Every structure is written in structure tokens, then in C-alpha cells.
Amino acid sequence: MFNNMTLLVLFPLLYSVSVLTITHNPISSFTSPTPSAAKVCTLQNSFQPAFVAKGDYVIGGIFPIHYNQEMPDLNCTYRPPPVRCNGFDPRAFRYAQTMRLAVEEINQSTELLPNYTLGYKIFDSCSYPLTGQRAALALLNGLSEDDSPMCSGASSLLAVIGESGASQSIVLSRILQPFRIPMISYFSTCACLSDKIKYPNFFRVIPNDDYQVKAIAQLLVRFNWTWVGLVRGDREYGRFAVQGLLRELQGTKVCVAYQEILPLLYNRQKTLEIIQVIRSSSAKVVVAFLSVGEMTPFLRDYMIQNITGIQWVASEAWVTASVFTWSKFYPYMGGTIGFGIRKGHISRLSDYLQTVNPQMYPNNLLVKELWQALYGCSSSVSSDSKLPPCTGQESLLEQHSAYMNTSSPRVAYNVYKAVYAIAHSLHNLLLCQPGSGPFQNNSCAQSNNIHPWQLQYYLQEVKFEIAGEEVNFDLKGDSIPYYDIINWQRGTGGNTEFVNVGLFDGTKPAGEELVIQEDGIIWAGHQSEVPVSVCSASCPPGSRKAVRRGEPVCCFDCVPCDSGKINNQTNSIDCRFCPDDFWSNKDRTACIPKEVEFLAYDSLGIALTVTSVVGACLTVAVFAVFFYHRHTAIVRVNNSELSFFILFPLTLCFLCSLVFIGEPTPWSCMLRHTAFSITFSLCLSCILGKTLVVLAAFTATRPGNNIMKWLGPKQQRFIIFSCTLVQVAICAAWLIDAPPFPSRNTQYERSKIILECSVGSSLAFWCVLGYIGLQACLCFVLAFLARKLPGNFNEAKFITFTMLIFCAVWLAFIPAYISSPGKYADAVESFAILASSFGLLFCLFTPKCYIILVKPEKNKKQHLMGKDNK
């Protein structure tokens, strides 16, 4: 045992703790111990339990019966007084009574631990690690010197049930580890406690937070809450829970708007700062990993600030806390949703709680506090009480009315299971047969000298059923992951009711764990529609998300899809291209067939068609006039044969423009340029012949000049034929080598399919136009040279002006044609043909028709030759 020393069990304490001092006579350090050198055991301070019961085997219980504490003055000049606990929690008191009930049931059972009894020592931790540490040391040291295991031998404490919070459980586990005493927590969910290297003696009958944060993450994703706030306490529970949640949210669309930490010791100024963050944030969903002791003062200030419309997601630590069932909480917290511990059934709990009253326990201070909390009156006649004395007619206060509601216990049920787990483990240990035991040399534990580490072995292997539920522990000391989904709804009396709206079963395959009855949920603000909590509104179909620089991925702008791209989904990050023959619609939500464009018989096509037909008709009319007056002077003087030759291809020129209208076909494409080039070439060849004849006719009047014999009718026909034949040869080579063909142009304007005629050979195309230009220039030069020759009707002047217009039209055509899109290129070419044709028709034949029809008196040879006597 421990000799010649003062034992301060495990950790030095700043506050008064049950400390045991073991001393001997100092002389015994130098001499052999004698019977007179007896050990003297003295408790330096006392920490009395809330409830005690003797038994063959003793288990401890530590519960946060108070949820707040007042720190003593630490000036180091005198021994500080104990931490003063306040804020009585009837819910935790009920946990302690559940443990007592379970022990009584086991002691009365004839099947479980027959002939043996369990005892207990139950302490209050005040929901504070330091007070919990004091309670743990008191469990180890005993209640008096005679009860101290340090003086009497092996401890009768086999296991401890506790604690409620992660910080308290960590302290408790570390205190119990050197003594190898197992502990079973009923409410500590921190995943950190699953580390068997750090906490080898830790077990729990509640799922660890790895499963809870997984469930919360699935809940956020399920309701598309992509912009949420986090509030946690400054303890291991909140710290590890938030770390786990952030880990689960990786790879999802959920982002955290802010993460606020409530200080370990409540600070109103800091709380108001956190509340201001909640108020100003665009996140309308807040996940809170807080204990009841942390949440209670926080909500007090939260309600004072009159904040509503926040959808709270609660952790299992406070989602079923009866203290929040009071009607005053509902306007601010109604609609809260969270994951609660699996509920159970304890048949005798209600009756048992009714037996706990000041008459049964007149000296128990906690029972008196319970009565004051439940009924708002004092069961004591002390003059110190500020409450009126109880008359027996009081009713339960609204905020604690759930204390007597035992229809669906949750945390209390965990306490119940924990006690039975110890009892079943101890029962299995006592059934061990010598020679088949699990310990050294197949030995079993001795019933009168059971060590806690021996019980822990059986606790790891235990498996039993209670109320139809299987209870066991995995290798990490954790239990089966199962949660009820709880929704805070308004009850008939205006109070808050915890309604079960689904479940999370961690044993199910991935994606099947979460089952929610969405129709039965009431949301924040007593709404039936799921609240929206996003940093940026969803991008509708037809747009894509563009993440803002330096902000979370949940904050984005919606950018319309580019032309030719579509998106028919919400919140897509990209738009996809339409197939080649399709284009995006106006809303960028679907691909529609591209508009097929060509010079059709629409308004523009009809205008060109009418103009073409009118031009052809006028040409035919002029032909008729000339034919009817073919014997008159003006027709004969101006070479009637060449005039008729010009009018014939000129009619074809007008009609050529019709080939450019309509959907291109292989034949129409080949006919377009060749027909108009040959007809124009024929027309210009005739004009060239006429120009030569005019020039020769006036030149021949000079003495000794007989040039006219070289420009007779045969020679004129030869000139026309040979000049036209060159163009025919060019067109023939073009059609043989690389003929024009219809093509689908999607490059010029990607939203349309332009049906056009590809020239096949650009060289041939420009050769054709170049030859026509060469003929026109030659006609212009010759006519220009003959413009001042004598005669009242010198046709060279009109040919000069005609060629000037012709060249101007086709010079303007080139840039207009190149720059015109789609069908307008064909329209430009057709217009150039018509314009130049009208230029030829009007400039060459209008003066003659004017004389023939309007001024017949001038239609005489003498007048035309300038020999008129007028």
C-alpha cells in the first residue's frame, strides 16, 4: 500500500476536494514497522453525495443536477470555499432517479445477480469539469475514513455511470484510468472519446458524434440548405462535433457562413456579439452544438433581442430538453429540428418519481430544490427561503411540466441501459466456472474480491436485450448509432412538443440511413414550407454559376449561357454546346433546329422577282417598239440588228436574277453565275460592236478612209460571237474543273444555317467578273473617244454614260458582296444584275424610244445627221 507519503489522488485541485492523508509515525522510517506504527487516515474535506445506497458491489453515478456554478474568490491567502452550484435541472435529477430505480429493480430480480445486491453513490457535477473531478475523487476516497478504500483495501467501486458532457467525461476517464475502473456515459457523444488508447476505460450507450454530424450533414443536403451558421460551446463536445461536421460537408454544396463559439464561462457581451452575427447574416439556418447549460442563458438573451425566422438545427444535447417546452420559447425556437436520442420505455419510472418528495427525504437538499423548481414553493419552514411555503395545492410549473412526463424517456433510458449493462456484465462474471475463465491460467474473478478491470472485460463482451432493444458495445466502446428526428411543434396548450418526424439508422447502407416525414414538419415561423438558406439564389435553367473570387463556392453569380449553349438544369456549373445543326433558344434552355436562311420568296425575294419581271417586260416592250418602227430613221441609223441583239441578252439578264431566288440546288448554283456572265458578256459584246460601228461610221466620212468595209454585218457578228465565246470557254472550264455547288455555311453566323452557292473555284469566279469588266472598260474607252463626233444623235455619248453606270454598279458590288451576310449576298448580286441591266436599258434605249414615241418629227435622217435646216 501507500506508505510514508501524502496521497493527493491524481490531480492537484484549486478548490477544496476530498483529499485523503495517510501518515505513519516518523520514526518508522528508520526502524522496522511495529504494530504501534498504525496508519492514520484523515479526510481533509468532505463532499457528500446526493444519494447513497449500500450493496455487495458499489457503482458510482455523476449527473449535472445543476447547470451553472459560481466561482469562488482565488486570492491564495486562505482556503477557497467550494464551487457554488446553481440552476437546478429537474431533467438531470430524473436521470439520477432512473439510476436508483434500475438498481432497485436489479436488486429485486431473481434472475439478474441473485443473492447479490448493488449499491450506489450519486454525485452532482454541476455540469462543470472541475466539480466533476471533485465528485470522482470523492467516489474513490469514500465518504469517511472508515469507508476509504485507501485504508481498508481494494475499492468496492466497480464502475461509474457518467458523465453528461465530453469535457467532464474526459476528466472522469483520466481520473479512473490508473485504477482501471470502467465508466459508461449516458450523454457524452464526442467522437474523441472513441480513442481507446487515450480512454481505454470509456464506454457509452449513446452514439458518438461521428454519426450525428453525418446525419446533420445529410439533413442540410436533403433540404438544400447550402448557407448555414454554426454555434458551439468552447468544450470538446462542440469542438469535435464542428470538426466532424465540416469534414462531412466536404464535397457537398453546403458552406458555412460563420462559426461562433460561446465562452466556457458565460459572457453576456460575447453572447450579444454572436447574436448580432446571427441577426445580420444571410444564413437562415443555424446548427448549434451546445449543452442545455450553455443553451439556456444563450436563449434568454436571444429572445430579449427579439430575433425570429431562424431555422435552428439542434444537436442531441438540447433537442429534447424539457426546460425548453415552456410556451415562451416557441415564437423564437418553434420549428427547430434535430436528432434526438432513441426513446425507450421504463414502466415504473413515473410511479417512482412520485415517491421522491420532501416527506420521504426531509434532509435531502436536492429534493427540496426539486420541489422549489417544480412547484415554485418552499417545502422548508426556514426564514431564509424567498419562496412561499408549499400548501400541497400547487401545480407543476409550465417550464418543468415535462419532469413527470415519462412516456418516452431518452437520456433517462440511456442511464437505465447503462445500469443494466453493468449488472449483466457482473452477472456474467459471477457465472464464470473455474478453469474456463478469461484471465490468467483460465481463472475467474473471486466474487468477494472483484477488480474493476475484470468487470471491464465482461463489459466489452456484454450483449443483452432490454425492452426489445439489443444493447452491446463495439471495440471502441460505442453503441448502435440510431437517432430519432425531433421537430418542435406547438402543443394544444401553447407549449412546445417534441414530435418525432423521422429517424436516422446508422446501420443501414449509405444513402438509406435518413428517413423523414416531410409533410409532418413545422418549420421556423410556424411555416409549412421548407425555409430557404442560401448565399446566392439558385441559378435558373439557361444560366450557369460563376463563383465569386475570394468567397465560398456557395456564393456565386448567375451568368447567362453564351449563344449556342444551353443548360436545362438548376445550379449547373457549365453550359453545353448544341449539336451542329441546332442552336440555343431565347431562354438558353433547349436546342432548337437552326434557322435555315436563303434568298426565299419573301418580301425581299418578291421585290427582286417583281423588279426582274418588270425589267424583262420593259425590255420586251422596247423590242416591240423597235420592231414595229424598224423602218424608221432612228432604228435604221443606230444599227437595228445590233439593237435587237442587245435587247435579247438584256432580257435574259433581267431573268437571270430569278435564278438567285429560292433554295440553292446543284443546277441553280451552276446556272447562276454562268448564265448571267454569258448573257452579260453577250450584251457587252453587242455594245462593243455597236461602239465600233459608231466610231467607224463617223471616221469613214473622212477622205480615203474605207474602214467600214471591215465592219460589215458579218464582221460585227464575228466580233460578238468571238467575244462571247471567250466567256463561254471560261464558264465551261469552270463547270468542268470546279463547278459551283450548294453549301451550308455555319461559320458566318453560328445561329443560322446559310444555304448558299459556293463558287467552287474563286479564280474562275473572278475571271468571269474580270472579263465582263474588261469588256465594259473597253466599251467605255471607245465610246468616250467617239463622244464628240458630229451628229444630233451620237449614240457614243449614251454608250459612254451607260458604261459609266455599269462600271460604277459593279465596282460598288464587290465590297458590298463581300461584306453582305447570308441571303443578302445573293440579294446584292441580284440587285447588281438588275441595276446594271436597267442602266443598259434606260441609257441606251430611252432616248430612242422618246424620239420614236414622243418626238416622231425628229425621227428623220436629216435631223439625226445634223443636216436639219431648222
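Quick note: structure is the one above.
Quick caveat: nothing in here was measured; it's all calculated off a predicted structure.

(A) Inspection of the pattern of salt bridges at higher detail. Scanning the model with the defined rule gives 14 salt bridges in all. A salt bridge links Asp301 to Arg268; the shortest N-O distance between them is 3.0 Å. Within this pair, whereas Asp301 is found in helix α8 (residues 292–304), its partner Arg268 is found in helix α7 (residues 268–280), the two being separated by 33 residues in sequence. Take Arg268: its relative accessible area is 42%, and that puts it in the partly exposed class. Between Asp557 and Arg548 there is a salt bridge, with the nearest N and O atoms lying 3.1 Å from each other. Classification of Asp557 as partly exposed rests on a relative accessible area of 39%.

(B) The sheet that holds strand β3 (residues 51–53), seen in detail. Strand order across the open sheet formed by six strands is β3-β7-β4-β8-β9-β10, with mixed pairing between neighbours. A strand with exactly one partner marks an edge of an open sheet, and here the two such strands are β3 and β10 (202–204). Neighbour-to-neighbour, the strand axes of this sheet turn through a mean angle of 20 degrees, independent of strand direction. Direction of pairing for β3 relative to strand β7 (residues 118–124): antiparallel, over a ladder of three bridges. What sits directly across from Phe51, in β7, is Ile122. Relative to the sheet, helix α2 (residues 129–141) contacts β4 (57–63), β7 and β8 (157–161), its axis offset from that of β7 by approximately 150 degrees. The strands that helix α4 (residues 166–176) touches are β4, β8, β9 (183–185) and β10; relative to β9, the one it contacts most, it runs at about 170 degrees.

(C) A look at a nonpolar patch on the surface. Together, Tyr601, Ile606, Val610, Val614, Leu618 and Phe842 make up a nonpolar patch on the protein surface, roughly 540 Å² of accessible area in all. Take the nonpolar patch: its biggest share by element is four residues, from helix α14 (residues 603–628). Positionally, Val610 belongs in helix α14. For Val610, a relative accessible area of 47% corresponds to the partly exposed category.

(D) Looking closely at helix α6 (residues 236–249). Counted at 1.5 Å a residue, the expected span for α6 with its 14 residues is 20 Å, and the 20 Å between its end C-alpha atoms agrees. Among the residues making up α6, those that are buried are Tyr237, Gly238, Ala241, Val242, Gly244, Leu245 and Leu249. One side of α6 carries all its buried residues, which in axial view fall inside an arc of 165 degrees. Residues of α6 that are buried in the fold lie against α4, α5 (209–222), β11 (227–233), β12 (255–262) and β13 (285–289).

Rules used in this analysis
- Residues numbered from 1 in each chain as written.
- Predicted model: local features only at pLDDT ≥ 70, side-chain atom pairs only at ≥ 80, totals over all residues.
- Heavy atoms only, no water.
- Salt bridge = Lys/Arg side-chain N within 4 Å of Asp/Glu carboxyl O.
- Helix = DSSP H or I, 4+ residues; strand = E, 2+ residues; numbered from the N terminus.
- Buried < 20%, exposed > 50% of the residue type's maximum accessible area, 1.4 Å probe, protein only.
- Pairing = 2+ DSSP bridges.
- Axes fitted to C-alpha atoms, helices over the stretch in contact; angles between N-to-C directions.
- Contact = heavy atoms within 4.5 Å.
- Patch = residues over 30% accessible without salt bridge, like charges linked within 9 Å, V, L, I, M, F, W, Y side chains within 5 Å.
- Areas by Shrake-Rupley, 256 points an atom, 1.4 Å probe, with all protein chains shown as cover.
- Expected span 1.5 Å × (residues − 1).
- Arc of directions from axis to C-beta.

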